[in-house]
Amino acid sequence: MWLGFASINLALAVMLGAFGAHGLKSFADTQQLEWWHTATQYFFYHALGQVAMGILVKAVPYMKVKLPFCLLQFGIVVFCGSLYLMALGLPGWLGAITPVGGVAMILGWLALARVAFKQY
């Protein structure tokens, strides 16, 4: 299941990256393109992390990755989503929620560290 969700995230990241590289340039300014680029980078990094978690669960079945995975997913949606929306011209106040997604990503990685350390 985890690998399935991560794979969907990676496919979406490729599609959104391609749109940013080809479709967005015709109407976005430099700041909007930077937001799109940052969102796509973080989307890829964290989706790849989710792939690693999916592999980890297969290799070490007793590892519990539900919380870390879900925190990363929430972070992707909020952090990347708010940047994508601002890049498309939606109100700049969305930038106020972007850090919430970033904190969720950090908490996701810390939750994974906690799970890993509990194994020893």
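Structure shown above.
Residues numbered from 1 in each chain as written. Predicted model: local features only at pLDDT ≥ 70, side-chain atom pairs only at ≥ 80, totals over all residues. Heavy atoms only, no water.

K.L.:
Describe helix 1 (residues 2-22), and please don't skip the residues or the numbers.
P.N.:
With 21 residues, helix 1 should cover 30 Å at 1.5 Å per step; its first-to-last C-alpha distance of 30 Å lies within 8% of that length. Of the residues making up helix 1, those classed as buried are Trp2, Ala6, Asn9, Leu10, Ala13 and Gly20. Down the axis of helix 1, the sector holding all buried residues measures 100°, keeping them to one side. Exposed positions of helix 1 whose direction lies more than 90 degrees from the buried face are Met15 and His22. Buried-residue contacts for helix 1 involve helix 2 (30-59) and helix 3 (66-87). (Helix = DSSP H or I, 4+ residues; strand = E, 2+ residues; numbered from the N terminus. Expected span 1.5 Å × (residues − 1). Buried < 20%, exposed > 50% of the residue type's maximum accessible area, 1.4 Å probe, protein only. Arc of directions from axis to C-beta. Contact = heavy atoms within 4.5 Å.)

K.L.:
Summarise the packing of helix 2 against helix 3; cite the residues concerned and give the values.
P.N.:
Put simply, helix 2 and helix 3 touch, their axes get as near as 8 Å, and they point 165° apart. By the criterion of interaxial angle, the relationship of helix 2 to helix 3 is roughly antiparallel. Considering how the two elements wind past one another, helix 2 and helix 3 form a crossing that is left-handed. Judged by residue contacts, Gln32, Trp35, Trp36, Thr38, Ala39, Thr40, Tyr42, Phe43, His46, Ala47, Gln50 and Met53 of helix 2 engage Pro68, Phe69, Leu72, Gln73, Ile76, Phe79, Cys80, Leu83, Tyr84, Met86 and Ala87 from helix 3. Tallied by class, the residues present in the contact of helix 2 with helix 3 amount to 17 nonpolar, 6 polar and no charged. (Axes fitted to C-alpha atoms, helices over the stretch in contact; angles between N-to-C directions. Parallel < 35°, antiparallel > 145°, perpendicular 65-115°, else oblique. Left-handed = near helix turned anticlockwise from the far one by under 90°. Nonpolar A, V, L, I, M, F, W, Y, C, P; charged D, E, K, R; others polar.)

K.L.:
Which residues make up the packing of aromatic side chains, and what values do they have?
P.N.:
The final tally for this structure, using the stated rule, is 5 aromatic pairs. Ring centres of Tyr42 and Phe79 lie 4.8 Å apart, and the angle between their planes is 45°; on these two criteria the pair is classed as tilted. With Tyr42 in helix 2 and Phe79 in helix 3, the pair connects residues that are 37 residues apart, well separated along the chain. We classify Tyr42 as partly exposed; its relative accessible area is 32%. By relative accessible area, which is 12% here, Phe79 ends up buried. One aromatic cluster is present, formed by Phe19, Trp36 and Tyr84 through successive ring pairs. (Phe/Tyr/Trp six-rings, centres within 6.5 Å; stacked < 30°, edge-to-face > 60°.)

K.L.:
I'd like a rundown of the state of the cysteines, residues and numbers included.
P.N.:
By the definition in use, this model includes 0 disulfides. Here Cys70 is not cross-linked by a disulfide; its sulfur's nearest cysteine counterpart is in Cys80, at 16 Å. (Disulfide = S-S within 2.5 Å.)

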